[in-house]
Amino acid sequence: MADGEEKPKEGGGGCCGCCRKLAVTDEAGSVIIYKPYEDRKCTDCFFCILFLVFWIVMVAIAGLAISAGDPDRLLYANDYKGRTCGTVNDGGDMTLTKKVYYPRIVEDIVTFAQSGDPNPLNIKLYGVCMAECPALGDIVCDDEGEVAMKEAVDETGNSRAKVWSDVQSISGWASYEAQGLDTSKLKGRCWLVPLVAKEYFFRCLWQRTKEQESVAVCLSPPALANVPLTDETPQEVHDACITKRQTTTTRTEGEAQENPLISQMFDATERVGRYVSDAKKAQLVILVCGLVVAIILGFLFLIIARKFAGCMVWTTIFLCIVMLTIFTFYAYWKAGLITSDDLATVTDNFATTDSGTTEETTEEPAELSAATTGDQSTRWKWFAYISTAVTVIVVVLVVFWYKKIKIAVAVIKEASDAVRKMPLMLLLPIVSTIFILILVLYFLIIASYISSGAELTTADVAAAANEATEATTGQNLLCAAGDDGEIDTNKCAEMPSIQASYEGSSLNDTLLAIHFFGFLWTNQFIQGITVVIIAGAVSRYYFTHNKKEDLPKYPLKEAIKTTFRYHLGSIAFGALVIAIVQFIRAVLEYLNKQSAEAQKKSIVLRIFFKCIRCCLWCFEKCIKFLTAYAFIIVAMKGSSFCTACKDVIKTILKNPVQIGVVNAITTILFLLGKIAIVITCALVAFQWLQNDAQFQR
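Residues numbered from 1 in each chain as written. Predicted model: local features only at pLDDT ≥ 70, side-chain atom pairs only at ≥ 80, totals over all residues. Heavy atoms only, no water.

### Notes on the overall build of the protein
The condition that has to hold: Each helix is a run of H or I in the DSSP string that is no shorter than four residues. Each strand is a run of E no shorter than two, and both are numbered from the N terminus. Only protein chains enter the accessibility calculation, which uses a 1.4 Å probe. A residue is then buried if its area is under 20% of the maximum for its type, exposed if over 50%, and partly exposed in between. Should any heavy atoms of two residues lie within 4.5 Å, those residues are counted as being in contact. The Shrake-Rupley method, run with a 1.4 Å probe sphere, supplies the accessible areas, and residue values consider only the shown protein chains as cover.
For the protein, the helix and strand inventory stands at 22 helices and 14 strands. Counting across all 697 residues of the protein, residues that qualify as buried make up 36%. Contacts spanning at least 24 positions in sequence make up 71% of the contacts within the protein whose residues lie at least 6 apart. Split by element, the accessible area of the protein, about 41,400 Å² in all, is 63% carbon and sulfur.

### Observations concerning the packing of aromatic side chains
Note on aromatic pairs: each is described by the distance of the centres and the angle between the planes. Rules: Two aromatic rings, drawn from Phe, Tyr or Trp (for Trp, its six-membered ring), form a pair once their centres lie within 6.5 Å of each other, and the interplanar angle then sorts them: stacked below 30 degrees, edge-to-face above 60, tilted otherwise.
Using the criterion set out here, one finds 24 aromatic pairs in the structure. Where Phe608 meets Phe609, the ring centres are 5.8 Å apart and the plane angle is 80°; that geometry is what we call edge-to-face. Cluster of aromatic residues (ring-pair linked, three or more members): Phe51, Phe54, Phe443, Phe516, Phe517, Phe519, Trp521, Phe525 and Phe583.

### What about the pairing of strand E8 (residues 203-207)?
This is how the line gets drawn: Pairing between strands is defined by DSSP: at least two bridges between them are needed.
Of all 5 residues in E8, 5 are buried; the element is thus mostly enclosed. As paired elements, strand E7 (residues 196-200) and E8 share 5 bridges and run antiparallel to each other. In the strand pairing of E8, Ala197 is matched with Trp206. Following E7, the chain reverses through 2 residues before pairing antiparallel with E8; Phe201 in that reversal takes a positive phi of roughly 55°.

### With respect to the sheet that holds strand E4 (residues 128-130)
Inclusion rule: What counts as an axis is a line fitted to C-alpha atoms, over the stretch in contact for a helix, and the angles between N-to-C directions run from 0 to 180 degrees.
Taken together, the 4 strands give an open sheet; going across it, the order is E4-E3-E8-E7, and neighbouring strands pair in mixed fashion. Every other strand in the sheet has two partners, leaving E4 and E7 as the edge strands with one partner each. Each neighbouring strand pair of the sheet contributes to a mean axis angle of 45°, computed without reference to strand direction.

### Here we look at the state of the cysteines
Test applied: Cysteine sulfur atoms that pair up within 2.5 Å are treated as a disulfide.
With the rule as written, the count across this model stands at 4 disulfides. In this model Cys141 forms its disulfide with Cys190; the gap between the sulfur atoms is 2.1 Å. Sign of the S-S torsion, about 110° for the bond between Cys141 and Cys190, identifies this disulfide as right-handed. Taken as a pair, Cys141 in strand E5 (residues 139-141) and Cys190 in strand E6 (residues 190-192) lie far apart in primary sequence, 49 residues in all. Covalent S-S linkage joins Cys218 and Cys241, the inter-sulfur distance amounting to 2.3 Å. Given an S-S torsion of about 110°, the disulfide between Cys218 and Cys241 has right-handed geometry. Pair noted here: Cys218 is in strand E9 (residues 209-220) and Cys241 is in the loop between helix H8 (235-240) and strand E10 (243-253), with a separation of 23 residues, a long-range link. A residue is classified by how much of its surface remains accessible, and Cys218, at 0% relative accessible area, is buried. We note that Cys42 lacks a disulfide partner, and the nearest cysteine sulfur, in Cys45, lies 4.6 Å from it.

### Details of the side chain of Glu620
Structurally, the position occupied by Glu620 is in helix H20 (residues 603-637). Residues contacting Glu620, with those up to four places away along its chain left out, are Val581, Gln582 and Arg585.

Here you go:
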């Protein structure tokens, strides 16, 4: 500020800076568009203190969760006794048995489906901890079954498979019973591995195996009829064959019973396996094309936007009008409002020669023609009328908003020029993304500790094999079959129904909710800091008329200093508002999922949830829009958050069209840039994968 110039007036006080009038006018009443650093004061200090206090609570929650929780429960899963595989627990040292196999997964899933519980997270699976996933045909036993199996193997000298096979029949069961062996545990606590098991995150899940075999034979010419076409067949025969018949045989080993739940499980595990395998194999391609190439293309787009902003905007508008016009004429033609004769009349005006060709036409039966043109013609008429209205409206708006579009182009050019003068601003989104990734990692780690912080409980449900198996599969799977194949229901082994789970207490749920809200608040806080720093640097650059003399050497450094010195409270305030709305939406989504079954029975409830979700989504978008512009005002004028929000609302009400045009133009332009960058990265990755030998199958 020059010597002799009056200092701006300071506004009156207010509760914690909210709605307090900071200096936005000088003694003469002139509006101050940009407030210098030395004239600013701290804004919304209360919310800055509140944010710090909340993070103290967050750290306390993290300490409590780490001391009481055990994320290994989530990583390694539990066995049928509630013990965590891969850890030292009440069952002893199980660090060598990190994987869990579910021998009764079919019965467990069917039992859960019959329970009517809509939440799949509540399913109870009977797990056995193992060092490695079992192979096809292995015999897997739980602790009690393993003791009985070892005793039977030592007593009889038979293999595990032979022992298990023997007790499945009446004669074998009676023989082992006569030797004093515990056949009920051999039958009810040992299982044959029927399918190949593959590990997914320390869980051994069944896999369907598919094998395809193709046989090709030549059909013509007759001299080569029925000649097999294989790799050993001479190339001359392949070249001479005109037509061939190829027969492909697919052999699939999977579940024997048709069960949608089991099929979905197989499909999901196979899909996850493919995704994980492909991601691991192509991680270098993903890193290079998804990060390095994208950043380079982003820089190029900014350079192009600065040089050719006007051309890009007007070209985009012109192409939109052309595409709308083409679609309008196409809709008129499909609706029958413009006939082929009309098009022919137009095209004949451009014809210069007569080629003398013969035209052949094929007429459809009248019934078919009427059936296919009835409703379709009506729909295309509506499309044509609507498209015509949209096209006319767009053309009229472009004509009337010509000057406003020019202003939007100038804004884009000025923003690009500011980025060119302060290229370090491009690093701010990257730094912000890094901090957000760290926050996400912190959130997931602490959330895993909180979720696993409850005591493990074991529920023992003793049931006779007849009741248990009939309630699950409709067949008594554990009853011995005689030599004639008949089931003897008097000779049934007991099927253990021991299930293990750990259920979080209400305190854990509360801590997890607080932790989640802290994540939302901090995430918006980090993004708000980035917005205020960039807005402060650009404002200082734009509103400095004599940039050579008055502009600081590092305006970005000054913007960072101003943001962290004075405006963290306002950023925390704005971030808190957005976080509250997002938290309410998250709670609503949870209630929506929990009431899924009730919504199927009540259309009123279903419509209610859809309306509320839609309204909250729109409300969040409006709050984010208002907050983003309020942060810009905070960076420019040094106002408190409430004062900035009032300024934004006034500005929008005074200039709704200009703000709408600028937002629309920049949104469309940068959306096209994002699409171009994504497509280019995808094409580069595709060519890399196609031409690199290591990715060829």
